[in-house]
Amino acid sequence: MTGMTEGGGAATATPAAGVRIPAEPTQGLGVSLPPADAPAKTEGTFPYAADLWAEGLLWAAVLRSPYPRARILSIDTKHAAEMPGVRVIVTHEDVPGDAGHGRGIADRPVFAKDEVRHHGEPIAAVAADHPDTARLAAAAIAVEYEMLDAVTDPQLAFEAEPLHPDGNLIRHIPLHFGDAEAVGDVMVEGLYRIGRQDPAPIGAEAGLAVPRPDGGVEIYTASTDPHTDRDLAAASFGLEPEQVKVVVTGVPGATADREDPGIQLSLGLLALRTGCPVKLAATREESFLAHAHRHPTLLRYRHHADTEGKLVKVEAQILMDAGAYADTSAEALAAAVSFACGPYVVPHAAIEGWAVRTNNPPSGHVRGEGALQVCAAYEGQMDKLAAHLGMEPDEIRLRNVMATGDLLPTGQTVTCPAPVAELLRAVKEAPLPELPKDTPEAEWLLPGGPEGAGEPGAVRRGVGYALGMVHMLGAEGADEVSTATVKVSGSVATVICAAVETGSGFSTLARQIVQETLGIDEVHVAGVDTDQPPAGPACHGRHTWVSGGAVERAAKMVRTQLLQPLAHKFGMSTELLQITDGKITSYDGVLTTTVAEALDGKELWATAQCRPHPTEPLDEGGQGDAFVGLAFCAIRCVADVDIELGTIRVVEMTVAQDVGRVLNPRQLRARIEAGVTQGLGAALMENLRTTRGQVRHPDLTGYALPTALDAPDIRIVKLVEERDVVAPFGAKPASAIPVVTAPAAVASAVRAATGRPIGRLPIRPQAAVAQPAGAQAAGAQGQGQNQG
């Protein structure tokens, strides 16, 4: 046998004579089963939405506002409609049903009517016989605007004139916990700003709409929440939900609500008007302008503690920029306010949060929404508190960490496993990476590389820590339910569930569940459409918990159907029979048969639902049992900083994570590594920049993403498998929590190297230029290392 030692080197062991080494399982939970679609994706044959085709296809293009705010005086489509090849042009006048749509609040028009509220808002859509014709016709639509002053600073939104009929304030949460008059012996303050991160999907939004003979329409797109999209579309089209069908095509990765619903609405209207299939493939610029981004957030914090470093009180003000429309901003604000103190025991808290409308690009669901922003702030405060008290940053965190049975500032008791101290100790005790040696090859390891680096003597190494937390499933009374059907025929099982595979691995998990429960090796997962019962959106680890739970229940019902005749025949309970590797055996070995023989040509099927325990909305004081469960993560970051140029190279990210149970080891590690890398982007480079509401460089040359050269070594030193008893399989979501924690860890490491406060993400080079030696020593707390 060959294994890996703690340090990563190969180790060998020879089994004793006569000892039988059992073969590793090849199916079921806990096995690194490869994704079924991996060959198609690597060979380039996977059917993405942009690859769709239909007979008689027309092409669509959307006219978008070039301004962040303006009054529409007139829209003239006459010249564009007369262009050869143009079939139809639709505007707000052609929307037969509800003019507004939105995932949280239906406040966004399908097409702008009287006013445009953000750069890129759709005004009209064109269907033509060629994509170039459609784009030219869209550009030929004459729109007369009256420019209005854009409100782009969320702090000014409170006093500004209403930007929307519903007003500028979307939600306000004043959270009060404990004694409002409590103070500590020491106090530190901080101001933090988090930038606008874009989901930057691998493939831009695309779709195909096909009219139906009954007057309805089918929409083929990479939806992550098809039933919600169907209901939005039906309401806009003035149709019944059963007249609209959404078919999910291949999703090229999703780290948010992947698609812009407005594209689907435009497509459906054009297909209904023309009676022909209509396709749209968004440009990268359209993708940047149209879909939701992470909420830019301004945070003001004040931490009180005693002289031993124990937290006494946290005060915070959190202002989230929702952009022009509400979307999921109310939910993001609830997460931010609830987790504003982090995974720490805080006896007293006064947190106030607002989400407001502006004329900036739209904000919405992106992995770890709300939790990422406050994690960067409260971890910055913990570093400041450690420096003020002369303590090590890891020590002050360890003195305050949360555990099972503690209270959140919302008054909710943490009933799930919360091994925060164990996670922190794991990353702290892991060996640090070696300093680079003074060789020509080592120049590649300097910040900026050999062409962009300054003097090696100006490079300082910093070690930083961060602890993060996220909630699982929906919150505040969301009805989290999913339905699944498992069918068995011959030696093949089929899973039917509307849970969309976004890259999270649900399809692989569903196969593993059926293999584990029924012992059938060949398991197929059916495609997703809205003819199936709803499974909800693909976020917050929902499909691992809720949809996976529904698949497990359905598979167990089929298992009972399969085993009952055998149990009755041999006069025993079904619990005394087990299925392993396609064979059914009794506890005493008397009965041995195969699953195929037991089926005897019959087809068995069962449908089941999974619904976790209910939650409740936060009350007017920010109190309530709003969350089903929590997940935690600790990350230690080692970063090299050129303190003269401000360039940063993240050397290593050491991760310990609370996962509940490992269901697929290889897939789990890939999800954690991807999450850390996305968090690295938020820390150092990803920021969709705007000038007075106008998006600057909406493309992948102006919006920087981490590449393989930017990704550090990611060492997963501990996965805590303490199962959550209320979760199916006991597993917790894996990908959002490293995204939340990584940016705070990077900022902590840069503070340690430079002595600078680092209150803005992404970190600008000028912020990483070190202060004078005395100030640096105060901020670094002994964690900085001179590489010169």
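Scroll up for the structure.
First, a word on scope: everything that follows refers to the structure included in this document. (Residues numbered from 1 in each chain as written. Predicted model: local features only at pLDDT ≥ 70, side-chain atom pairs only at ≥ 80, totals over all residues. Heavy atoms only, no water.)

Re the nonpolar core
Keep this limit in mind: Residues belong to one nonpolar core when they are buried, are Ala, Val, Leu, Ile, Met, Phe, Trp, Tyr or Cys, and are joined through side-chain atoms within 4.5 Å. Note on classification: 1.4 Å probe, protein chains only; a residue is buried when its accessible area is under 20% of the maximum for its type, exposed when over 50%, partly exposed between these limits. In this analysis, two residues are considered to be in contact whenever any of their non-hydrogen atoms come within 4.5 Å of each other.
Of all hydrophobic cores here, the largest spans 109 residues; its most connected members are Tyr301, Ile318, Ile351, Phe632, Val746 and Ile763. Among residues more than four places away in sequence, those in contact with Ile763 are Ile648, Ala683, Leu684, Val746, Ala747, Val750 and Ile758.

Topic: the side chain of Arg397
The criterion, for reference: The numbering of helices and of strands both runs from the N terminus, where a helix is a DSSP run of H or I of at least 4 residues and a strand a run of E of at least 2. Any N or O atom pair separated by 3.5 Å or less is treated as a polar contact, with the protein-specific requirement of one donor-capable and one acceptor-capable atom, and with residues adjacent in sequence counted only for side-chain atom pairs.
By the element assignment, Arg397 lies in helix α9 (residues 393-398). Accessibility expressed as a relative area gives 0% for Arg397, which makes it buried. Here Glu379 takes part through its side chain, which lies 3.0 Å from a polar atom of the side chain of Arg397. Leave out the neighbours within four places in its chain, and Arg397 touches Tyr344, Glu379, Met382, Asp383, Leu424, Tyr465, Ala466, Leu467 and Ser748.

Some details on empty space enclosed by the protein
Basically, it comes down to this: Every definition here rests on a 1 Å grid over the protein atoms only: cavities are sets of points where a 1.4 Å probe fits but cannot get out, pockets are open sets enclosed by protein on both sides within 12 Å along at least five of seven lines, and lining residues have some atom within 4 Å of a point. Grid points are joined across faces, edges and corners, and a volume is the space filled by probe spheres set on the points. We call Asp, Glu, Lys and Arg charged. Ala, Val, Leu, Ile, Met, Phe, Trp, Tyr, Cys and Pro are nonpolar, and the rest, Gly among them, are polar.
With the rule as written, the count across this model stands at eight cavities of 30 Å³ or more. Of the volumes computed, that of the largest cavity is approximately 610 Å³. Those elements giving two or more residues to the lining of the largest cavity turn out to be β20 (459-475), α12 (506-518), α13 (542-569) and α15 (665-684). Residue composition of the lining of the largest cavity, grouped by class: 17 nonpolar, 15 polar and six charged.

Side note on the environment of Asp383
Within the secondary structure, Asp383 is located in helix α8 (residues 371-389). With 347 residues separating them in the primary sequence, Asp383 and Ala36 have C-alpha atoms 45 Å apart. Setting aside chain neighbours within four positions, we find Asp383 in contact with Pro393, Arg397, Ser748 and Arg751. Only 2.8 Å separates the side chain of Asp383 from the side chain of Arg751, close enough to count as a polar contact.

Things to note about the pairing of strand β24 (residues 577-580)
A regular strand places its side chains on the two faces of the sheet in alternate fashion. Test applied: Pairing between strands requires that DSSP locate at least two bridges from one strand to the other.
The two faces of β24 differ: Leu577 and Ile579 on one face are buried, but Gln578 and Thr580 on the other face are not. Judged from the four bridges that link them, β24 and strand β25 (residues 583-586) form a sheet pairing that is antiparallel. Counted as the bridge partner of Gln578 is Thr585 from β25. Between β24 and β25, which follow one another and run antiparallel, lie two residues, and Asp581 among them has a positive phi close to 50°.

Regarding unusual backbone geometry
Each neighbour pair has its own omega, and for Leu761 with Pro762 the value is 0°, a cis peptide bond. Relative to the assigned elements, Pro762 resides in the loop between β33 (760-761) and α17 (773-780). Although it is not a glycine, Arg692 sits at a positive phi angle of roughly 50°. A positive phi angle, close to 55°, is found at His697, a residue other than glycine. Take His697: it is sitting in the loop between β31 (694-695) and β32 (713-720).

Topic: the environment of Val590
The residue Val590 is located in the loop between β25 and β26 (592-594) in this model. Classification of Val590 as exposed rests on a relative accessible area of 59%.

Considerations on the sheet that holds strand β9 (residues 122-128)
Short version of the rule: Axis lines are fitted to C-alpha atoms, over the contacting stretch for helices. Their N-to-C directions set the angle, which ranges from 0 to 180 degrees.
Within the open sheet, the seven strands sit side by side as β5-β9-β3-β16-β13-β14-β15. Their pairing is mixed. Edge positions in the sheet fall to β5 (86-90) and β15 (244-248), since each has one partner strand and no second. For this sheet, the mean angle separating the axes of adjacent strands, direction not counted, is 20°. As judged from the two bridges shared by strand β3 (residues 58-64) and strand β16 (residues 278-281), these two strands associate in the parallel manner. Its bridge partner lying in β16, Trp59 is registered against Lys279. Contacting β3, β5 and β9, helix α3 (residues 131-140) crosses the sheet at an angle of about 25° to β3.

Details of the packing of aromatic side chains
Defined as follows: Only centres within 6.5 Å qualify two rings of Phe, Tyr or Trp (six-membered ring in Trp) as a pair; their planes then separate them into stacked at under 30 degrees, edge-to-face at over 60, and tilted for everything else. A ring is scored as having a charge over it whenever the NZ atom of a lysine or the CZ atom of an arginine sits within 6 Å of its centre and within 35 degrees of its normal.
The full count for this structure, using the stated rule, is eight aromatic pairs. Seen in terms of ring centroids, Tyr192 and Tyr301 are 6.4 Å apart; in terms of plane orientation they differ by 85°. Their pairing is edge-to-face. Of this pair, Tyr192 sits in strand β12 (residues 186-194) while Tyr301 sits in strand β17 (residues 297-305), and the two are 109 residues apart along the sequence. In this structure, Tyr192 and Tyr301 share a single accessibility class: buried. Taking 6.1 Å as the distance between ring centres and 85° as the angle between the ring planes, the aromatic pair formed by Tyr344 and Tyr378 counts as edge-to-face. Taken together, the residues Tyr344 in the loop between α7 (329-338) and β19 (348-356) and Tyr378 in helix α8 connect sequence positions 34 residues apart. Of the residues examined, Tyr344 reaches a relative accessible area of 2% and is grouped as buried. The residue whose ring lies beneath Lys41 is Phe46, and the NZ or CZ to ring-centre distance is 5.0 Å.

Topic: the packing of α15 against helix α16 (residues 736-754)
Here is the rule: Each angle receives one of four descriptions, namely roughly parallel if under 35 degrees, roughly antiparallel if over 145, roughly perpendicular if within 65 to 115, and oblique otherwise. Helix crossings are classified by the rotation of the near helix relative to the far one: an anticlockwise turn of less than a right angle makes the crossing left-handed, while a clockwise turn makes it right-handed.
Put simply, α15 and α16 touch, their axes get as near as 7 Å, and they point 45° apart. Between α15 and α16, the interaxial angle falls into the category oblique. For the element pair α15 and α16, the recorded crossing hand is right-handed. Residues Ile672, Gly675, Val676, Gln678, Gly679, Leu680, Ala682, Ala683 and Leu684 of α15 form the contact with α16, whose own contacting residues are Pro738, Val739, Ala742, Pro743 and Val746. Its residues assigned to classes, the contact of α15 with α16 comprises 11 nonpolar, three polar and no charged.

Focus: the pattern of salt bridges
Side chains that differ in sign of charge can pair as their charged atoms come close. The condition that has to hold: Here, a salt bridge means any side-chain nitrogen of Lys or Arg that lies within 4 Å of a carboxyl oxygen of Asp or Glu.
Here the structure, examined in full by the defined rule, presents 31 salt bridges. One salt bridge in this structure joins Asp231 and Arg230, with 3.0 Å as the shortest N-O distance. By relative accessible area, Asp231 is classed as partly exposed at 37%. Given the relative accessible area of 16%, Arg230 is considered buried. A salt bridge links Arg397 to Asp383; its shortest N-O distance comes to 3.0 Å. With Arg397 in helix α9 and Asp383 in helix α8, the pair connects residues that are 14 residues apart, well separated along the chain. Residue Arg397 shares its accessibility class with Asp383, and that shared class is buried. Each member of the salt-bridge network shares a partner with another, and the members are Glu379, Asp383, Arg397 and Arg751.

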